[in-house]
Amino acid sequence: MDRRSSLHPSRPSVSAVWPISLCAWLLHVANRRQTGRMCWEWEQGTRQAGRKTNVETLRGEIDRVTFHSEETGFCVIKVRVRGHRDHVTVVGRATSITAGESISAQGDWVMDRQHGRQFKAASLQTSHPTSPEGIIRYLGGGAIRGIGPKLAERIVNVYGERTLEIIDQHADLLLHVPGVGKMRLQRIRESWEQGRVVREIMLFLFAHGVSSGRAVRIYQRYGQEAIRKIKENPYRLADEIRGIGFKSADKLAMELGIDRDSPQRARAAVVHLLHECAGQGHCRFPQSDLIERAQSLLDIPDEIIRRAVDDLAREERIIRETMEQVDWLWLPRLHEAEWGVARELHRLTNGTLHPLGKIDSDRALEWVQDRLDIALAAAQIEAVRQASTKQVLVVTGGPGVGKTTIVRSILEIFLAKRQRCVLAAPTGRAAKRLEETTGQPAKTIHRLLEFQPGEGTFRRGPTEPLEGDLFVLDETSMLDVTLAWQFLRAVPAGACVVLVGDVDQLPSVGPGNVLADVIRSKSVPVVRLTTIFRQSAESRIVTAAHAINAGQCPSFDRD
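Rules and cut-offs
Once a new chain begins, its residue numbering starts again from 1 and follows that chain's sequence as written. Reporting in this predicted model follows two pLDDT cut-offs: at least 70 for local features of residues, and 80 or more for side-chain atom pairs to be given and counted; totals over whole chains, interfaces and linings ignore these cut-offs and use all residues. As a rule here, side-chain values come from all non-hydrogen atoms in the structure, and water together with hydrogens is ignored. Put simply, DSSP marks the helices as runs of H or I at least four residues long and the strands as runs of E at least two long, and each gets a number from the N terminus on. Classification of residues uses two cut-offs on accessible area relative to the type maximum, computed with a 1.4 Å probe and protein chains only: under 20% is buried, over 50% is exposed, and between them is partly exposed. Exposure was quantified through the Shrake-Rupley algorithm and a 1.4 Å probe, taking into account, for residues, occlusion by the shown protein chains and nothing else. Each residue gets a pLDDT score, which is the predictor's confidence in that residue and runs from 0 to 100. Note on contacts: a residue pair qualifies if any of its non-hydrogen atoms lie within 4.5 Å across the two residues. Paired strands, in this sense, are two strands between which DSSP finds at least two bridges. Orientation is described by axes fitted as lines to C-alpha atoms, over the contacting stretch for helices, and by angles from 0 to 180 degrees between their N-to-C directions. In the sections that follow, a salt bridge refers to a side-chain nitrogen of Lys or Arg positioned within 4 Å of a carboxyl oxygen of Asp or Glu. Expected helix span is taken as 1.5 Å per residue step, with the number of steps being one fewer than the number of residues. Any pair of nitrogen or oxygen atoms within 3.5 Å is treated as a polar contact; in protein, a donor-acceptor pairing is required on top of that, and neighbouring residues in sequence qualify only through side-chain atoms on both sides.

## A short note on the overall build of the protein
So, step 1. Of regular secondary structure, the protein possesses 23 helices and 16 strands.
So, step 2. Within the protein, buried positions represent 44% of all 559 residues.
So, step 3. Approximately 31,100 Å² of the protein is accessible, and the part contributed by carbon and sulfur atoms is 49%.

In structure tokens:
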């Protein structure tokens, strides 16, 4: 699936066929929309900037932990702050949080609709309490396994403000406290040591400008090995930690003394740029162009970048293939998805007998037109005929050309033959519209494939395929290459697939241009609809859209 282009080489430019005054008017409208968006973005940016300049530091002692998620680190705590009569509600992220600890939080004040005024902490650091009361709450709140509220009080009664120092450096002295035996002492030591490692990791990350939320994710991923792994290769954060990109990892690497010409840096930049290209809709990218971009980003000799590309290709962290004397680079997942779409289409088009068997398509067409009380146009008849005999079919055309009528006709024939029909679309709105126009239930593709949010995978696939004889997928132009592959690989052998969409619409948000590429491949039957029917011909939007696609000026006459 080739790179996208915003220009269509086969169409004349708009300015070549439209009057200058009309072009100026359209530019005026576009500029107004763009200006409105820019004003909105500026307003948002001003708010963000305002927040950054009004950052406050809040210090106090945690009185109660209202909520803390070990999975995400998100916490809601009540803090005693000098100068505040009532407890202050602080929300932020921390790997561990315990009542009695002292905190230092950087952030700003916000007004929550349900919970009122809160301090939203962008960075939240904790430290051991110093007062006897705080130490009792800290130890009794579960900070150290093996110490409960009553034992915490007994320990503090013996050692007072030196309690934490005793636990850290002279833990054997705890044996003098009633209720502490050798087994309990061992649990206390292990828990204290584990907490020490967590604190060291947090201090290391905070010292290098890593926010609390990101620090939590780093610790959850690497555990006690976090500092060692980051020092070995800080660029791994960009690949493995959500919310950390190449620029953040590169800044950390520079602070840790990584050389600007380091192969690690060059390899990380190449992978980062391929991800950036995927975000722009590209499945692959020319190696020469990518090296040029990397050189501009890193400001290092291109020989280092070329070696980095060679190393990544050898390690299969990226895929390199030569086509028409051009070296192309892929991210492995996108290369797998592109080849997967091709394989699955080949599997389906060369499958077993069509689910309708050897049907008399002429009689079926007569029957369905009587059934729906309609007269199908020639292209619509061809589409229904192909769906009755071919395993895979693409139906494409602009608005108002009768795609919905074709889908209804195909469904009627399959349902009359007691076939299981499955309807789906990429978005909830498109699925709802499909359901309304056909009278049959429709789902989003994610729901159809039973997406597992926690794992980021689909339950349905080759080992557990979908159940159905006909699969109608609407708004296929919105389908990116990865989702297309996941859908096609879940379609059972022997089923019929009808892909419906407008190839002239904007391509998918994700990488790939599936519908256009399937049509260009000429590997499956394609029916193009161009005739605008009477009801749609009365719509100025429909007629204008078709005129623009044809490179013509829409009519603005008012009848």
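Structure's up, so let's keep going.
## Notes on the confidence of the model for the protein
So, step 1. With 86% of its residues at a pLDDT of 70 or more, the protein has an overall mean of 84.
So, step 2. Note on residues 3-53: pLDDT is under 50 here. Beyond four places in sequence and across chains, it has 34 contacts.
So, step 3. Below pLDDT 50 for its whole length, residues 534-538 participates in four contacts with residues either more than four positions away or in separate chains.

## Some details on the sheet that holds strand E8 (residues 326-330)
So, step 1. Read from one edge to the other, the open sheet built from three strands follows the order E6-E8-E7, with strand pairing classed as antiparallel. Two strands close off the open sheet at either side, each with one partner strand: strand E6 (284-286) and strand E7 (319-323). Between one strand and the next, the sheet's axes are offset by a mean angle of 35°, whatever the strand orientation.
So, step 2. Across the sheet, helix H12 (residues 287-298) is in contact with E6, E7 and E8; its angle to E6 comes to roughly 80°.

## Re the pairing of E7
Successive side chains on a regular strand alternate, one facing one side of the sheet and the next facing the other.
So, step 1. In the sheet, E7 pairs with E8 via five bridges, with the strands oriented antiparallel. Its bridge partner lying in E8, Arg-320 is registered against Leu-329.
So, step 2. Taking the residues between adjacent antiparallel strands as the criterion, E7 and E8 are bridged by two residues, where Glu-324 takes a positive phi near 50°.

## What about the pattern of salt bridges?
So, step 1. Going through the model one piece at a time under the given rule, you end up with 22 salt bridges.
So, step 2. We note a salt bridge from Asp-239 to Arg-317, for which the minimum N-O separation is 3.0 Å. Here Asp-239 is found in helix H9 (residues 236-240), whereas its partner Arg-317 is found in the loop between helix H13 (302-314) and E7, with 78 residues between them in sequence.
So, step 3. According to the relative accessible area criterion, Arg-317 is partly exposed, its value standing at 34%.
So, step 4. Sharing partners across several salt bridges, the network here consists of Glu-450, Arg-459, Arg-460 and Glu-464.

## Let's talk about the environment of Val-368
So, step 1. As for its position among the elements, Val-368 is in helix H15 (residues 361-372).
So, step 2. For the pair Val-368 and Val-384, spaced 16 residues apart in sequence, the C-alpha to C-alpha distance is 9.8 Å.
So, step 3. Residue contacts for Val-368: discarding those within four places in its chain leaves Ser-409, Glu-412 and Ile-413.

## A few points about the sheet that holds strand E15 (residues 496-501)
So, step 1. With parallel pairing, six strands are arranged side by side in an open sheet as E11-E10-E14-E15-E9-E16. Of all strands in the sheet, those with a lone pairing partner are strand E11 (442-444) and strand E16 (526-529), marking the two edges. The sheet shows a mean angle of 20° between the axes of neighbouring strands, taken without regard to direction.
So, step 2. Of the strand pairs in this sheet, strand E10 (residues 421-425) and E11 are connected by three bridges, and their pairing is parallel. Each residue of the ladder has a partner; that of Ala-424, found in E11, is Lys-443.

## What to know about H13
So, step 1. The terminal C-alpha atoms of H13, which comprises 13 residues, lie 18 Å apart, in line with the 18 Å expected from a rise of 1.5 Å per residue.
So, step 2. Of all the positions in H13, only Ile-304, Ile-305, Ala-308, Val-309, Asp-311, Leu-312 and Ala-313 are classed as buried.
So, step 3. Buried positions along H13 lie against helix H11 (263-279), H12, E7 and E8.
So, step 4. One or two positions beyond H13, positive phi appears at Glu-316, with a value near 60°.

## Considering the side chain of Thr-438
So, step 1. Tracing the backbone through its elements, the reader meets Thr-438 in helix H18 (residues 428-438).
So, step 2. A relative accessible area of 15% means that Thr-438 is categorised as buried.
So, step 3. Looking at Thr-438, its side chain comes within polar contact range of the main-chain oxygen of Leu-434, at 2.7 Å.
So, step 4. A polar contact is formed between the side chain of Thr-438 and the backbone nitrogen of Gln-440, at a distance of 3.3 Å.
So, step 5. Apart from the residues within four sequence positions on either side, Thr-438 is in contact with Val-407, Arg-408, Leu-411 and Leu-423.

## Observations concerning unusual backbone geometry
So, step 1. In the Ramachandran plot, Glu-324 falls in the positive-phi region, its phi being about 50° despite a non-glycine side chain.
So, step 2. Residue Glu-324 is classed as exposed on the basis of its relative accessible area, which comes to 79%.
So, step 3. Within the chain, Arg-418 stands out as a residue other than glycine whose phi angle is a positive 60°.
So, step 4. Topologically, Arg-418 is positioned in the loop between helix H17 (403-416) and E10.

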